[in-house]
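Structural overview for review
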Amino acid sequence: MEIRHLRYFLAVAGTGHITRAAEVLGIQQPPLSQQIKALEQELGATLFRRHPKGVDLTDAGHELQAEAVRLLAEFDAMRGRMQAFARGERGRVNVGFTSSAAAHAFTPEVLRTCRRKHPDIRLNVSENNAAEITEMVVDGRLHCGFLRVPVARPEGLVFDTLLQEESLLAIPLDHRLAREPERPVKLKELDGERLVLVRRPGAPGLYANLLAQCARQKVQVELAAEVERMMTNVNLVAAGVGLSIVPASVKGAHAQAVVYRAFEQPHMLSAPLTLVARDETHEGPAGTFVALARRLAQRRAARKD
């Protein structure tokens, strides 16, 4: 039995006449009669009583009619849902964020806009470090992710730099460098300081860039601690463990215990916001979300320019 057989049956039941049903269906009467007889044989029940003016439903026919109406309604609804999925209008999207990417105002903007414009797309959001997000996109547990600097670039993934922002020096409130918060700090002023940085396997980008700049300018720093999350990083700065470098969007965290200062040459330590997705993520709800994120980032960048 196929879906079309149920449609044939309902057309005959609705018109009470095989010839008129054939006209409605756009097929010939003999093949329709054969299909109805084949359906009766398959079910082992007589569905219609034939008479000179047409056909009437038997008790079995009435039973099948109720079932067929329900099944076809479910089938049509399923087909509609799948068509909406293919158009990228409904479905599930798993999105990952690093803590520092989530702190950027852009990320909640993307989520809010997607929910407003595409209410039938379900967003499942999780927080991980950059390495975990990349691995989860590779194996399909995430459709896409937002991070700062990629820790690896596996084949089959695309990395889009959506936005750039400056990095700031996060300083414990009672530290000497916290005394002139409005003055840009020179990198050489970090000489001899203890640094708290995000753990190398999780997000080495800002970490590696800062150390490279220190080495280039012969600035000696000591590693006080390595952590997995940016917010843990700021927590340790607030506790006085050391200084750290953070994206500007993190500014304000622990405002009563941490002072944030810009660098004299902010372009040297810029913090990107990067979108990672599979190369084929261009259709379905994941494609809709990724395209929306790229479009909103372009608009935000254009406003700044």
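Computed from a prediction, not measured in an experiment: that's the story for all the values here.

Turning to the sheet that holds strand S10 (residues 244-247), a few remarks are in order. Across the sheet, which stays open at both edges, the three strands sit in the order S10-S7-S11 with antiparallel pairing between neighbours. Each end of this open sheet is capped by a strand with a single partner; those strands are S10 and strand S11 (258-262). Neighbour to neighbour, the strand axes of the sheet diverge by 40° on average, direction disregarded. With five bridges connecting them, strand S7 (residues 167-172) and S11 associate as antiparallel partners. Bridging across to S11, Pro172 finds its partner in Val258. Lying over the sheet, helix H9 (residues 230-238) contacts S7, S10 and S11, oriented at roughly 135° with respect to S10.

This part is about the side chain of Glu109. Mapped onto the fold, Glu109 is located in helix H6 (residues 106-117). Given a relative accessible area of 15%, Glu109 falls into the buried group. A polar atom in the side chain of Glu109 sits 2.8 Å from the side chain of Arg300.

Under the definition given, this model contains four aromatic pairs. Ring geometry for Phe9 versus Phe48: centroids 5.4 Å apart, planes at 45°, classification tilted. Here Phe48 lies in strand S1 (residues 48-51) and Phe9 lies in helix H1 (residues 3-15), a separation of 39 residues in the sequence. With a relative accessible area of 0%, Phe9 lands in the buried category. On the numbers, 6.2 Å between centres and 85° between planes, the contact of Phe146 with Phe289 is edge-to-face. Within this pair, whereas Phe146 is found in strand S5 (residues 144-147), its partner Phe289 is found in helix H10 (residues 284-304), the two being separated by 143 residues in sequence. Since its relative accessible area comes to 0%, Phe289 is described here as buried. Grouped by ring-pair contacts, the aromatic residues Phe97, Phe106, Phe146 and Phe289 constitute a single cluster.

With that settled, consider the sheet that holds strand S6 (residues 157-165). Two strands in a sheet stick together by hydrogen bonds in their backbones, pointing the same way (parallel) or opposite ways (antiparallel). If you trace the five strands from one edge of the open sheet to the other, you get S4-S3-S5-S12-S6, paired in mixed fashion. Unpaired on one side and paired on the other, strand S4 (121-127) and S6 mark the two borders of the sheet. Neighbouring strand axes in the sheet, compared pairwise and without regard to direction, differ in orientation by 20° on average. Direction of pairing for S5 relative to strand S12 (residues 271-278): antiparallel, over a ladder of four bridges. From the neighbouring strand, Gly145 faces S12, where its bridge partner is Val276. Of the strands in this sheet, strand S3 (91-97), S4, S5, S6 and S12 are in contact with H6, which crosses S4 at around 160°.

A word on H10. Over its 21 residues, H10 extends 31 Å from the first C-alpha to the last, a length consistent with the 30 Å expected when each residue adds 1.5 Å. Inspection of H10 places Gly284, Pro285, Ala286, Gly287, Thr288, Phe289, Val290, Leu292, Ala293, Leu296, Ala297 and Arg300 among the buried residues, and these make up the whole buried set.

Looking now at helix H4 (residues 59-86). Residue pairs spaced three or four apart in an α-helix point in one direction, given the helix's 3.6 residues per turn. An ideal rise of 1.5 Å per residue puts 40 Å on 28 residues; H4 measures up with 41 Å between its terminal C-alpha atoms. Among all positions of H4, only Gly61, Leu64, Ala68, Leu72 and Ala84 are buried. Packed against the buried residues of H4 are H1, helix H3 (29-43) and strand S2 (54-57). Positive phi shows up at Gly88, right after H4, with a value of about 80°.

What counts, and where the lines are drawn
Residues numbered from 1 in each chain as written. Predicted model: local features only at pLDDT ≥ 70, side-chain atom pairs only at ≥ 80, totals over all residues. Heavy atoms only, no water. Pairing = 2+ DSSP bridges. Helix = DSSP H or I, 4+ residues; strand = E, 2+ residues; numbered from the N terminus. Axes fitted to C-alpha atoms, helices over the stretch in contact; angles between N-to-C directions. Contact = heavy atoms within 4.5 Å. Buried < 20%, exposed > 50% of the residue type's maximum accessible area, 1.4 Å probe, protein only. Polar contact = N/O pair within 3.5 Å; in protein donor to acceptor, adjacent residues only side chain to side chain. Phe/Tyr/Trp six-rings, centres within 6.5 Å; stacked < 30°, edge-to-face > 60°. Expected span 1.5 Å × (residues − 1).

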